[in-house]
Amino acid sequence: MNGRTRKRWGLLRAVSTRRISILILSTALGGVSLGCTAAKEFAALRRVEFRFDGITGARVAGIPLRNIRSYSDLTAVDLGRVGIAIARGDVPLDLTVHVEGRNPESNDVTARLLRLGWAYLVDDREVVTGRLTEAYTFPPGEPRDVPLLVTFNLMDVFGDQRQDLIDIALALAGQRSSTHKITLRLDPTVETPVGPIRYPIPITLDLSSPATR
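Residues numbered from 1 in each chain as written. Predicted model: local features only at pLDDT ≥ 70, side-chain atom pairs only at ≥ 80, totals over all residues. Heavy atoms only, no water.

A. View of helix H2 (residues 76-88). Taking 1.5 Å of rise per residue, the 13 residues of H2 would be expected to cover 18 Å, and the 19 Å separating its terminal C-alpha atoms lies within 8% of that figure. Regarding H2, the residues found buried are Asp-78, Leu-79, Val-82, Ala-85 and Ile-86. One side of H2 holds all its buried residues, which, seen down the axis, span an arc of 120°. Turned more than 90 degrees off the buried face of H2, the exposed positions are Ala-76, Val-77, Ala-87 and Arg-88. Buried positions along H2 lie against strand S2 (63-64), helix H3 (155-158) and helix H4 (162-172). Gly-89 sits one or two positions beyond H2 and adopts a positive phi of about 80°. (Helix = DSSP H or I, 4+ residues; strand = E, 2+ residues; numbered from the N terminus. Expected span 1.5 Å × (residues − 1). Buried < 20%, exposed > 50% of the residue type's maximum accessible area, 1.4 Å probe, protein only. Arc of directions from axis to C-beta. Contact = heavy atoms within 4.5 Å.)

Quick look at the structure:
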């Protein structure tokens, strides 16, 4: 290899080394920027305030409970439907729990909820679980309603006495006072540029004294 060739080869190697160094530096800086963005969005979700905002659409064995306050308010037809459900071994309670998410106005980042795992508990017993896969955004200062459909067989938890089941259904629907402890456990996952990040600590909401919408 003559002197001119060695000089050209050395120049090309220096240029290639410089390009590689710039690429590594750019990648590193991009990673730092991406990490900061992810951390900022994750912090935004952590600042979103979740609260229980009431119950709607409560039904037991298909009977709407909106205007029912006690067992005596049921008609003969209603009682017949409950009796048939008990005979079948399935008395479904259906209700929608509304959770309000509010991103503080002081937060300059829109929080993005990718999915939400939840558990409905009665007296600290996990009765039913679910997963909300619809994405929600929480712009600063704008409350968002997150409805969660809860449905389960009352007989699996509370036995087969008709009046007891109705009283419990009314209590869980917020139609009357109850000695039962009712809670909702939330497990949010936020979407970030580096992928989904799961909320580190579940959120627990007390539903024991709900104010029905």
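B. Summary view of the nonpolar core. Ranked by internal contacts, the top residues of the largest apolar core, which has 52 residues, are Tyr-120, Phe-152, Leu-154, Leu-172 and Leu-186. Excluding residues that lie within four positions of it along the chain, Phe-152 makes contacts with Val-91, Pro-92, Leu-93, Tyr-120, Val-127, Val-128, Val-157, Phe-158 and Leu-172. (Core = buried A, V, L, I, M, F, W, Y, C linked by side-chain atoms within 4.5 Å.)

C. Seen up close, the packing of H2 against H4. The geometry of H2 relative to H4 is characterised by a closest axis approach of 10 Å and an angle of 105° between their N-to-C directions. With respect to their mutual orientation, H2 and H4 come out roughly perpendicular. Contacts between H2 and H4 involve Leu-79, Val-82, Gly-83 and Ile-86 from the former and Arg-162, Leu-165 and Ile-166 from the latter. Broken down by class, the residue content of the contact of H2 with H4 amounts to five nonpolar, one polar and one charged. (Axes fitted to C-alpha atoms, helices over the stretch in contact; angles between N-to-C directions. Parallel < 35°, antiparallel > 145°, perpendicular 65-115°, else oblique. Nonpolar A, V, L, I, M, F, W, Y, C, P; charged D, E, K, R; others polar.)

D. Structural detail: the pattern of salt bridges. If you walk through the whole model with that rule in mind, you get six salt bridges. The salt bridge involving Arg-51 is made with Asp-53; its shortest N-O contact spans 3.2 Å. Among the salt bridges present, the one from Arg-102 reaches Glu-100, with a minimum N-O distance of 3.9 Å. The exposure class assigned to Arg-102 is partly exposed, which follows from its relative accessible area of 33%. A relative accessible area of 13% means that Glu-100 is categorised as buried. (Salt bridge = Lys/Arg side-chain N within 4 Å of Asp/Glu carboxyl O.)

Any link to function would need more than the numbers given here.
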